[in-house]
Every structure is written in structure tokens, then in C-alpha cells.
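Structural overview
What follows is the residue order along each chain.
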Amino acid sequence: TAQCDDGVAQLTVEVRNTGLADSAPFSVDVYTSDGARLSHATFELASGATRELDPLTVATSDWTGSLYVRLDDEGVVEECDEADNILDVGGWPCP
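**Regarding the pairing of strand 8 (residues 67-71)**
Residues L67, V69 and L71 line the buried face of strand 8, whereas the alternating positions Y68 and R70 sit on a face that is not buried. With five bridges connecting them, strand 4 (residues 26-32) and strand 8 associate as antiparallel partners. Bridge pairing in strand 8 links T32 to L67. With four bridges connecting them, strand 8 and strand 9 (residues 86-90) associate as antiparallel partners. In the strand pairing of strand 9, L67 is matched with G90.

As C-alpha cells, this is what we get:
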């Protein structure tokens, strides 16, 4: 979700472990469509747990094209479905 104010959006993303096992520590990164990394965090989640990332403040000038949230880029967590590790947040969310 995004909250907007004067050319700045505050982005909040929820990450969920839908697997049957607790995760090892994994990365959570936010990238622009041109590959610039805006945020990096590392944490782990118990099976079935959900965690909201710290809000990320992004200015209009930094939100180029789409933003992407990518989980476990290093492939640390063994998963049945590796395809669900990226979220396309889309273009600038503010009017």
C-alpha cells in the first residue's frame, strides 16, 4: 500500500511465509525498473507468519517506471514455488 504527500509516497509491503517450515534469513530488496536498489533488509519468518516491512519513503524522481519487491534473490530459502518471490508494485501510485 502507499500513502502520498507532496510528491513523496510511503510504501508499505507485507511479506508472508506460506510454507510448512520456518525460513532461513533471506533478503528483501526494493528495486526500480532500471535496476537501482532503493531498500535492503534481511529477516526470517516462521511458518505461517506475516511481517510488514518498515515503510519506505520514495520521491517521484526516484520512482522510475515500476518498483519491484524481490525476496530471497540469493536463493537461500528452499521453496516449492520460486516464482512468487517478486512483486511488481507498479508505477507511481499518487494522483
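**Brief notes about the pattern of salt bridges**
This model, assessed by the stated rule, comprises three salt bridges. R37 is the salt-bridge partner of D29, the closest N and O atoms lying 3.4 Å from each other. The buried category is assigned to D29, whose relative accessible area is 1%. Ionic pairing is found between D73 and R70, a salt bridge with its closest N-O pair at 3.1 Å. You can call R70 partly exposed: its relative accessible area is 28%.

**Overview of the nonpolar core**
If you look at the biggest cluster of nonpolar residues, it comprises 18 residues, and the most contacted ones within it are V15, F26, V28 and F43. The set of elements that each furnish at least two residues to this core consists of strand 2 (8-11), strand 4, strand 7 (56-59) and strand 8.

Conventions adopted
Residues numbered from 1 in each chain as written. Predicted model: local features only at pLDDT ≥ 70, side-chain atom pairs only at ≥ 80, totals over all residues. Heavy atoms only, no water. Buried < 20%, exposed > 50% of the residue type's maximum accessible area, 1.4 Å probe, protein only. Helix = DSSP H or I, 4+ residues; strand = E, 2+ residues; numbered from the N terminus. Pairing = 2+ DSSP bridges. Salt bridge = Lys/Arg side-chain N within 4 Å of Asp/Glu carboxyl O. Core = buried A, V, L, I, M, F, W, Y, C linked by side-chain atoms within 4.5 Å.

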